[in-house]
Amino acid sequence: MSNKTAQAERLRQRFALYDTDGDGRIERGDLEAEARRIVEAFGEEENSPKAQALLHAYPHMWDYMMQQAGRDAGEALTVEQFVEIADAQMLSKGAVGFSAVLRPSIRAMVDLCDIDGDGQVDPQEFRKWLGAIGSDRIDADEAFRQVDTDGNGRLSVDELVAAVGKYHAGELDAPLLGV
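Residues numbered from 1 in each chain as written. Predicted model: local features only at pLDDT ≥ 70, side-chain atom pairs only at ≥ 80, totals over all residues. Heavy atoms only, no water.

The chain appears in an unreviewed UniProt entry as Calcium-binding protein from Streptomyces chartreusis NRRL 3882.

Okay, here's the thing in structure tokens:
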């Protein structure tokens, strides 16, 4: 599969994840619902600071992408429109694009699953993360090894942002992260 084909397919998969009501369109409310689902899966109280960070980060990601695309944040997108915008805002801008769009959401996810408070994700926390986002079919240990580029046994926000970017660019095979 070519990188362009992999990229489009992975963006379509991301669209399906975000289309929480299954109506074939995504809108800001779908990202809000996905964030609530993740918070609930972690067993976190919605009013906790960690939950609030994620509950704000997901819709903010939507608002940012829509603003950058010159669209109204209240608009709904078809899969084709989402792929076009995500390609323009992230894939075509490389690491800078992924960081601008995803860093706040990934930071909030790290904080949510960071049990020991070190600001990074260890293998146990990563397994919890994958379970919470519904990716329990992934070999967590193998995915962790692929993402842990510095080999220190912990995943930083930078490593996670880079991994999501590489996955969506077709350069990494571990289907990662619900962001």
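1. Describing the UniProt feature "domain: EF-hand" (unreviewed entry) in the chain
Per the UniProt annotation, the sites labelled "domain: EF-hand" (unreviewed entry) are residues 6-41 and 135-170. Helix makes up 75% of residues 6-41 and strand 0%, whereas the separation of the span's terminal C-alpha atoms amounts to 29 Å. (UniProt positions renumbered as here; feature names shortened; annotations may be inferred. Helix = DSSP H or I, 4+ residues; strand = E, 2+ residues; numbered from the N terminus.)

2. As for the nonpolar core
Counting 54 residues, the largest nonpolar core has Leu-54, Ile-106, Phe-126, Trp-129 and Leu-160 as its most contacted members. Contributing elements (two or more residues each) for this core: helix H1 (3-18), helix H2 (28-41), helix H3 (49-68), helix H4 (79-89), helix H5 (94-113), helix H6 (123-132), helix H7 (140-147) and helix H8 (157-168). (Core = buried A, V, L, I, M, F, W, Y, C linked by side-chain atoms within 4.5 Å. Buried < 20%, exposed > 50% of the residue type's maximum accessible area, 1.4 Å probe, protein only.)

3. Thoughts on the side chain of Arg-10
Tracing the chain through its elements places Arg-10 in helix H1. Other than its neighbours up to four places away in sequence, Arg-10 contacts Tyr-167, His-168, Gly-170, Glu-171, Leu-172 and Asp-173. (Contact = heavy atoms within 4.5 Å.)

4. Some remarks on the confidence of the model for the chain
Predicted confidence across the chain gives a mean pLDDT of 87, with 95% of residues reaching 70 or more. Summarising per-element confidence for the chain, the mean pLDDT is lowest in H1 (85) and highest in H3 (93). (pLDDT = per-residue confidence, 0-100.)

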